[in-house]
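Per-entry structural report
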Amino acid sequence: MPMNAEFQSPSDDNRTASHSAHPGYDAALLDARLEAEAAIQQAKQAEARLRAAIDILPQGVVFLDSDGRYVLWNKQYGEMYAGSSDLFAEGVKLEDTLRIGVARGQYPEAIGREEEWLKDRLDRLYNPRGRHEQKTTDGRWILIEERRTSDGGIIGLRVDITEMKQREESFRLLFDNNPVPMYVHALETGRILAVNDAATQHYGYSRDEFLAMTLADLRHPDETDAETPPGKLKREVGFTWRHRKADGEAIDVAVYSSLLTYEGVQAELIGAVDITERKRAEERIAFMAHHDALTGLPNRVLFREEMEECLTRIRRDETAAVLCLDLDDFKSINDTLGHPIGDRLLVLVAQRLKGALRETDTVARLGGDEFAVLQTGIDDPEDAGSLAGRLIEIVSAPYEIDGHLMTIGVSIGIAVGPSDGEDCDRLLKAADMALYRAKAEGRGAYCFFEAEMDARLQARRRMELDLRAAINAGTLEVHYQPLIEIGSGDVAGFEALVRWNHPERGNIPPIDFIPLAEETGLVVPLGVHVLTRACRDAAAWPGDTKVAVNLSTLQFRSGNLFEVVSDALNETGLEPKRLELEITESVLLEKSENVLATLHALRALGVRISMDDFGTGYSSLSYLRSFPFDKIKIDRSFVQGLGTNSDSQAIVRAIITLGRSLGITITAEGVETAADLEYLRSEGCHQGQGWLFAKAQPNEAASELLRENRRRPKPPAKSAA
Ligand SMILES: Nc1nc2c(ncn2[C@@H]2O[C@@H]3COP(=O)(O)O[C@H]4[C@@H](O)[C@H](n5cnc6c(=O)[nH]c(N)nc65)O[C@@H]4COP(=O)(O)O[C@H]3[C@H]2O)c(=O)[nH]1
């Protein structure tokens, strides 16, 4: 493709003829010819350089003259239009090659609309403006840019954009058919530039509506992510937004984004995965982890979190109170009316408590029938006292559930921060200690924490640890106090009484540690120890001397009392009829089928059942009807001073008469004087127990007493203590 040469080299013949006719003219002509040849040489070199230069360009380049004829084109141009390259020649009009190319079907976009396509193409060729794309039959895409040159010609650039178009196509395919809602928005303005079908379906906006919106228009008013201005994204993977659908419904979406240039605009592609359900489930789980399922109140975990938050303020200058609440005798409602009613009562109590508090206070259910209140921003500790008083009043008002009218009391312990404690544990502990005191002081009351409660509690804790250790080590002792037949003075049996010889504190009386054992549940293993020990000792006693063992309510609740007793009998070989089990009224207060069934089963085994402390409870008499007791033990409060006190005499006489008429053995406890004994004998009481005969003593002494008793030919009973 030589450049259109302006100068031609004259033939040698012309040169010879001219030279010989006019020598001066010939010389000038020769010079001119040499000059021209040099110029041609230069032009050829320039063309070669230009060609070399345009051939190394990655783009196709073509130069046309002002008539649109080919002047020069590079290798890439020829390759791009390989199907028409046979037509390219200097001086040929590009327009003509286009016409032939269209006729050959080399421009797929022109097929079926040849003239129209040609018209448009020629218009762009002769009046160049911007860029346009062209598709070739071999499936390539070419970006065309044409410009006018200063001499009226045209320079055309061709860029092969096939790969980019393929990428775009894949993107389109992925975008359009993606099941995940997707849209592209302009980074600068937030304006939505493209949207896929999944997004239009999911959000409910039409494509046109979508394309008229910005990213900010999709936001739900609840969206709190104020840090992210419209169109600017935080880039953590999968962060969430709350969006609004066309029907107003809120959805939570996890956003996946990447930057791209979309139709020449800096944009961002967003994939929005709907996680509303997942989020709801997560929220439900989080709620459940922080709330009580029955009442919907915050649970202990959330209460502590609220407290922690409040404590940071307390440490500065605020005062707050923690109130620990415990319903009085809730268990008996559960036991008598059943758990469903108990549960409903708890819900009603929770509602009343919630209704009685300010927005800023928190009430939580800590478990069972325990609630707690965090009262914030109080001016005076007395504010907590008046709140407690109000809560007691509100909770104590009657309830009606399923036609059952009931009332329930509540006791409250109060701790005030920061004076009673600056951290969560200390404040809760202090309020708990105060609650303990409120309960002990008669329930239905509130009590403030006092520092000395802490010391008392520490002592109690120490005692609990020591008692547990003594039980585990088997160092608790069992002493025996004789039960004397009043008529004959014979030893009928012994009551087993536990003794704790503390390594540092010496003998601790049962009255000081049995209640603690009851509260902590230690009375269950303690009871097993005493029972087994008593059966073993008694098995070695002569004749059919009986042994009486005290049982606590908790041992019945433990559920395996029958097995414990029968195991102790089997292990020690003691005959069941030689064992007496002493229970108090509190055991029967349980009103549980289980208690009665266990008592009947034990009695069927041959074991005797005694009612201890008779007369001290509210309804000792009525309990005589609920179970066939073998023995009644008259409480020592009626026996002491019996010789002189006529009221006690009347009561004791009535009990003895009752027992005799029912065929029940009567034992009088706490017989301290001969006058007491004399009265009991005169009324026909069967047995006596008390210091007049003997105090509780170790097994060796008790056995010795037995031996002595057997050797004696029935003397009247005298003091042995
Ligand atoms: N003032 C006076 N007191 C007398 C007289 N005769 C006996 N006593 C005391 O009266 C208590 C009788 O036992 P309880 O009524 O079953 O009362 C017992 C019983 O309820 C409980 N207890 C003792 N040992 C056990 C046990 O192994 N298990 C259980 N669950 N409770 C026990 O501790 C309570 C107190 O036991 P103790 O201190 O051993 O006190 C014993 C005994 O020492 C007397 O003439 N005058």
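Let me begin by describing the structure that accompanies this report. (Residues numbered from 1 in each chain as written. Predicted model: local features only at pLDDT ≥ 70, side-chain atom pairs only at ≥ 80, totals over all residues. Heavy atoms only, no water.)

Further remarks concern the pairing of strand E10 (residues 265-274). Alignment of strand E6 (residues 182-186) against E10, held across 5 bridges, turns out to be antiparallel. Counterpart to Val184 in the pairing with E10 is Leu269. Across 10 bridges, strand E9 (residues 250-262) lies against E10 in antiparallel orientation. By the bridge assignment for E10, Thr261 is matched with Gln266. (Pairing = 2+ DSSP bridges. Helix = DSSP H or I, 4+ residues; strand = E, 2+ residues; numbered from the N terminus.)

Throughout the structure, instances matching the rule amount to 48 salt bridges. For the salt bridge of Glu133 with Lys165, the shortest nitrogen-to-oxygen distance reads 2.8 Å. Here Lys165 lies in helix H6 (residues 162-177) and Glu133 lies in strand E3 (residues 131-135), a separation of 32 residues in the sequence. The salt bridge involving Arg140 is made with Asp160; its shortest N-O contact spans 2.9 Å. With Arg140 in the loop between E3 and strand E4 (141-148) and Asp160 in strand E5 (residues 154-160), this pair connects stretches of sequence that are 20 residues apart. (Salt bridge = Lys/Arg side-chain N within 4 Å of Asp/Glu carboxyl O.)

What follows is about the packing of aromatic side chains. How two aromatic rings sit relative to each other is set out by the distance from centre to centre and by the angle between their planes. Counting across every chain of the model gives 18 aromatic pairs. Aromatic side chains Tyr203 and Phe210 sit 5.7 Å apart centroid to centroid with 75° between the ring planes, which places their arrangement in the edge-to-face category. What makes Phe210 buried here is its relative accessible area of 0%. Just above the ring of Trp141 sits the side chain of Lys165; from NZ or CZ to the centre is 4.7 Å. (Phe/Tyr/Trp six-rings, centres within 6.5 Å; stacked < 30°, edge-to-face > 60°. Buried < 20%, exposed > 50% of the residue type's maximum accessible area, 1.4 Å probe, protein only. Lys NZ or Arg CZ within 6 Å of the ring centre and 35° of its normal.)

Next up on the list: empty space enclosed by the protein. Inspection of every chain in the model, using the stated rule, returns 3 cavities of 30 Å³ or more. In this structure, the largest cavity spans a volume of roughly 80 Å³. Residue contributions to the lining of the largest cavity peak at 3 residues, all from helix H4 (residues 94-104). Split into classes, the residues belonging to the lining of the largest cavity amount to 7 nonpolar, 3 polar and 2 charged. Broken down by element, the lining of the second largest cavity gets its largest block of residues, 3 residues, from E4. (1 Å grid on protein atoms, 1.4 Å probe; cavity = no way out; pocket = protein on both sides within 12 Å on 5 of 7 lines; lining within 4 Å. Points joined across faces, edges and corners; volume = space filled by probe spheres on them. Nonpolar A, V, L, I, M, F, W, Y, C, P; charged D, E, K, R; others polar.)

On to the layout of surface pockets, then. Considering only enclosed or pocket space, the second largest pocket measures out at about 440 Å³ in volume. If you trace the second largest pocket, you find it lined by Met164, Lys165, Arg167, Glu168, Glu169, Phe171, Arg172, Leu260, Thr261, Tyr262, Glu263 and Gly264. Looking at the lining of the second largest pocket, the elements with two or more residues in it are H6 and E9. Top contributing element to the lining of the second largest pocket by residue count: H6, with 7 residues. Along the lines of polarity and charge, the residues of the lining of the second largest pocket split into 4 nonpolar, 2 polar and 6 charged.

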